[in-house]
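Architecture and fold: a report
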Amino acid sequence: MSKKVYCVAQFLPKAGKEAELFKVLQSLEPNTLREDGCLQYVVTRQIQSPFADGTSFPIAFNEIWADLASFEAHCQRAEIKAFFEQYCLAENGLAARWNVCIYTDEPANYDAPKLS
């Protein structure tokens, strides 16, 4: 049974703040990649293509965690909490909106055997 957790964390920068917010988000990568349980943590920015014309926030983290506990521990790190306080929640922050969601790759009611 897979325990992996997939996270997509999207950010809508305030007007004129996209480059600055992207740079701040990139600064979170090195320490996060050192965390136990972090399998992938990369910030990306949306680009244009006629084959991918969906609607989304222009900046997104694509994350893979070994398990839910690793993801939740990451969210409680001082550096991550400080980022949200300073750049998302503060009135003068760089993000107008954000959306953090987690996913599993397992179908509902998957009956994989449990290993000891």
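Going by an unreviewed UniProt entry, the protein carries the name Antibiotic biosynthesis monooxygenase domain-containing protein and comes from Alishewanella aestuarii B11.

With that settled, the discussion passes to the overall build of the protein. Helix and strand counts for the protein stand at four helices and four strands. Counting from the amino terminus, helix and strand elements in the protein follow one another as β-α-α-β-β-α-α-β. When its C-alpha atoms are laid out on the principal axes, the protein stretches across 50 × 40 × 20 Å. The buried share among the 116 residues of the protein stands at 31%. Of the contacts formed within the protein by residues at least 6 apart in sequence, a portion of 72% connects residues at least 24 apart.

Across all of its chains, the model carries three salt bridges by this definition. For Glu35, the salt bridge identified is with Arg77, shortest N-O distance 2.9 Å. Linking Glu35 in the loop between α2 (29–33) and β2 (38–45) with Arg77 in the loop between α3 (68–75) and α4 (78–89), this pair joins segments that are 42 residues apart in sequence. Salt-bridge contacts for Arg77 lead to Glu79; the nearest nitrogen and oxygen are separated by 2.6 Å. Judged by its relative accessible area of 26%, Glu79 is partly exposed. Several salt bridges share partner residues, and in doing so they unite Glu35, Arg77 and Glu79 into one network.

Here we come to the sheet that holds strand β4 (residues 95–103). Within the open sheet, the four strands sit side by side as β2-β3-β1-β4. Their pairing is antiparallel. Every interior strand has two partners, whereas the edge strands, β2 and β4, have only one. Taking the axes of each pair of neighbouring strands and ignoring which way they run, one obtains an average angle of 10° across the sheet. Two elements, β2 and strand β3 (residues 59–65), share seven bridges in a ladder whose sense is antiparallel. Bridge assignment links Cys38 to a residue of β3, and that residue is Trp65. Helix α1 (residues 18–26) contacts β1 (5–13), β2, β3 and β4 of the sheet and is inclined by roughly 170° relative to β2.

Turning our attention to the UniProt feature "domain: ABM" (unreviewed entry) in the protein. According to UniProt, the feature "domain: ABM" (unreviewed entry) maps to residues 5–103 in the numbering used here. Spanning residues 5–103, this segment combines 34% helix with 33% strand, and its end C-alpha atoms are found 6 Å apart.

How each quantity is defined
Residues numbered from 1 in each chain as written. Predicted model: local features only at pLDDT ≥ 70, side-chain atom pairs only at ≥ 80, totals over all residues. Heavy atoms only, no water. Helix = DSSP H or I, 4+ residues; strand = E, 2+ residues; numbered from the N terminus. Buried < 20%, exposed > 50% of the residue type's maximum accessible area, 1.4 Å probe, protein only. Contact = heavy atoms within 4.5 Å. Salt bridge = Lys/Arg side-chain N within 4 Å of Asp/Glu carboxyl O. Pairing = 2+ DSSP bridges. Axes fitted to C-alpha atoms, helices over the stretch in contact; angles between N-to-C directions. UniProt positions renumbered as here; feature names shortened; annotations may be inferred.

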